[in-house]
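Below are the chains, spelled out letter by letter.
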Amino acid sequence: MNARLAPRMNVIGASPTAEISNKLRELAARGADVINLGEGELDFPTPPHVCAAGIKAIETGETKYTAVSGTAALKAAIARKFERENRLSYGPGQIIAGSGAKQLIFNAFLATLSEGDEVLVPAPYWVSYPDMVRLTGAAPVIVPTTAAEGWKLTPAALRKALTPRVKWLVLNSPNNPTGAVYTRAELVALAEVLAGHDTLVMADDIYEHIVHDGSFAAPAAAMPGLFDRILTVNGVSKGYSMTGWRLGYAGGPEWLIRAMDVLQSQSTSNPSTISQAAAIAALDGGTGFVDDWKRVLLARRARVLRAIDGIEGLTALPTPGAFYVFADCSGLFGARSPEGKVLENDLDVAGYILEAAHVGMVHGSAFGTPGHLRIAYAIDDSRLDQAMTRIATAVRALKLPMNAWPVNA
Ligand SMILES: Cc1ncc(COP(=O)(O)O)c(C=O)c1O
């Protein structure tokens, strides 16, 4: 590492999802026809009424600084959203908007954590939580979950992991990368364990609108006894296909929101005024179109699962929420590529498929769960089919050690 860099740069790495995208861009620049199944965003355009509100903001001169935590109009729209969709009541001092949910999570950690503190992060987890925690000097404590338990934290595992050093528990439902959705009853059971501790809860509800099986329950609503120590983080990126607008928001205790506001005031200030205006239109404009999106996504999920069924060495279960399939690729370990490389882990498998099929996916280790691949299926149907066919062809080209695959793989 360059000696001019601060030591804190030793404890974090570049986001693996961004790295996959960079590799794909390099391949594309060399003329390859690449398909990216690594990106965590919908391919649908931002709804026209939302775009129109952004354009209007530019045309009417909404182009100046606002309050750091967002305009009063945006905060009122966020409060209405929380009331209407989650039955959560937050006053203006309990709401903050920022440049993406990512910034808000980062600021909440930075405002509260220091050396010696711990954050419980159930795995598989969104790639950024552990590194954000490390940047504050605190330590992420990874709590593994299993496919057999629906990739969800159990009360027993939580009880075992809780110590006086634990400052936050991260709950991400629907989960990226597994799509796991906690039921109200499951959240209530976790709340019973948390009641005896002081831990804050980071409820990352960003995929709230993309639930295929079951229904979404907001932790802050399902755990009313803990309301005062839950930070509900959400945003317009996933539910409204607005990843590029960079607009997230959070509701939580006033002391914490105020501290996040101070941090934001010394870094990025208010989120873009254009995005704020667009977010008001999004939050107030209803979510009717999401049902159409979900129908398309569900059909794509089925396409991916069907394709995986036909690929020896890969297995996957339906993912209840979000737009990912989290496939087990451990059946390919030990296989030899036509170039003679033995695939020893998920990174090798993802690398091989990237080179051989020009299809990018994120390896499970990046989410704290080796032996898997995350397939983001929010891309055009025909490209998705093409990607799955290419993966199947690349896997067929592998030479396997005798009896490497279980009979029912
Ligand atoms: C679980 C999770 N939380 C937060 C974010 C960040 O969202 P935003 O675009 O609002 O920063 C993402 C984006 O991929 C995510 O997957």
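A brief report on the enclosed structure follows.

For Arg301, the position within the fold is in helix α11 (residues 288-309). Apart from residues lying up to four places away in sequence, Arg301 is in contact with His212, Asp213, Pro318, Thr319, Pro320, Val325 and Tyr377.

Taken together, the neighbourhood of the ligand is formed by 13 residues, with Ala101, Asp204, Ser237, Lys238 and Arg246 sitting nearest. Within the backbone of Ala101, a nitrogen or oxygen atom sits 2.7 Å from an oxygen atom of the ligand. Against a free-state accessible area of 390 Å², the protein chains account for coverage of 92% of the ligand. Here the shell around the ligand is composed, by residue class, of five nonpolar, four polar and four charged.

So, about the nonpolar core. Residues Leu37, Phe109, Trp168, Leu231 and Ile391 are the most contacted members of the largest nonpolar core, which totals 132 residues. Built from parts of two domains, this core gets at least three residues from each of domain 1 (7-45 + 289-396) and domain 2 (62-284). Setting aside anything within four residues of it in sequence, one finds Ile391 in contact with Leu37, Ile311, Leu314, Ile353, Ala357, Val359 and Met361.

Ordered in space as β2-β8-β7-β6-β5-β3-β4, the seven strands form an open sheet in which the pairing is mixed. Edge positions in the sheet fall to β2 (95-98) and β4 (139-144), since each has one partner strand and no second. For this sheet, the mean inter-axis angle between neighbouring strands, taken without regard to orientation, is 20°.

Attention shifts here to a nonpolar patch on the surface. On the surface, Met1, Leu5 and Met9 cluster together into a nonpolar patch covering about 310 Å² of accessible area. Checked against the element boundaries, Met9 lands in the segment before α1 (16-29). A relative accessible area of 39% means that Met9 is categorised as partly exposed.

Let's shift gears to α1. When the terminal C-alpha atoms of α1 are compared, their 20 Å separation across 14 residues agrees well with the 20 Å that a helix rising 1.5 Å per residue should span. Those residues of α1 lying buried are Pro16, Thr17, Ile20, Ser21, Leu24 and Leu27. Viewed end-on, α1 has its buried residues packed into an arc of 145°, placing them on one side of the element. Of the residues in α1, the exposed ones pointing more than 90 degrees away from the buried face are Arg25 and Ala29. The elements touched by buried residues of α1 are β1 (35-36), α12 (346-357), β10 (359-360), β11 (362-363) and β12 (372-376). Where α1 terminates, the next one or two residues include Gly31, which has phi positive at roughly 95°.

Applying the stated criterion across every chain yields a total of 13 aromatic pairs. Ring centres 5.6 Å apart and planes at 75° place the aromatic pair Phe82 and Tyr249 in the edge-to-face group. Note that Phe82 is positioned in helix α3 (residues 72-86) and Tyr249 in strand β8 (residues 248-251), a separation of 167 residues in sequence. The exposure classification of Phe82 matches that of Tyr249, with both residues buried. Ring centres of Trp151 and Phe326 lie 5.6 Å apart, and the angle between their planes is 80°; this geometry places the pair in the edge-to-face category.

Rules used throughout
- Along every chain, residues carry numbers that run from 1 in the direction the sequence is written.
- Given that this is a predicted model, residues contribute local features only at a pLDDT of at least 70 and side-chain atom pairs are listed and counted only at 80 or more, while totals for whole chains, interfaces and linings are drawn from all residues.
- In computing side-chain properties, one takes all heavy atoms of the structure into account and sets aside hydrogens as well as water.
- Secondary structure elements are taken from DSSP: a helix is a run of H or I of four residues or more, a strand is a run of E of two residues or more, and numbering for both begins at the N terminus.
- Two residues form a contact once any of their heavy atoms are found within 4.5 Å.
- Proximity is defined per residue: if any heavy atom of the residue lies within 4 Å of a molecule or strand, that residue is considered near it.
- Here a polar contact is recorded for every N or O atom pair within 3.5 Å, except that within protein the pair must consist of a potential hydrogen donor and a potential acceptor, and residues adjacent in sequence are included only if both atoms are side-chain atoms.
- Accessible areas in this description were obtained via Shrake-Rupley with a 1.4 Å probe; residue shielding takes into account the shown protein chains only.
- Three classes are used, and their members are as follows: Ala, Val, Leu, Ile, Met, Phe, Trp, Tyr, Cys and Pro are nonpolar, Asp, Glu, Lys and Arg are charged, and the others, Gly among them, are polar.
- Among the buried residues, those of types Ala, Val, Leu, Ile, Met, Phe, Trp, Tyr and Cys that are joined through side-chain atoms within 4.5 Å form a nonpolar core.
- Three labels apply to residues, based on accessible area from a 1.4 Å probe with only protein chains included: buried if under 20% of the type maximum, exposed if over 50%, partly exposed otherwise in between.
- For the purposes of this description, domain bounds are those given by an automatic or database domain assignment.
- Strand pairing follows a simple DSSP-based rule, namely that at least 2 bridges must link the two strands.
- Working convention: axes come from line fits to C-alpha atoms, limited for helices to the stretch in contact. Angles between N-to-C directions cover 0 to 180 degrees.
- Patches here are clusters of residues that have more than 30% relative accessible area and form no salt bridge, with a 9 Å joining cutoff for like charges and a 5 Å cutoff for nonpolar side chains (Val, Leu, Ile, Met, Phe, Trp, Tyr).
- By salt bridge we mean one thing: a side-chain nitrogen of Lys or Arg within 4 Å of a carboxyl oxygen of Asp or Glu.
- A helix is expected to reach a length of 1.5 Å times the quantity of its residues less one.
- As used here, the arc belongs to the directions running from the helix axis to the C-beta atoms.
- Within 6.5 Å between ring centres, the rings of Phe, Tyr and Trp (the latter by its six-membered ring) count as paired, and their orientation is classed by plane angle as stacked under 30 degrees, edge-to-face over 60, tilted in between.

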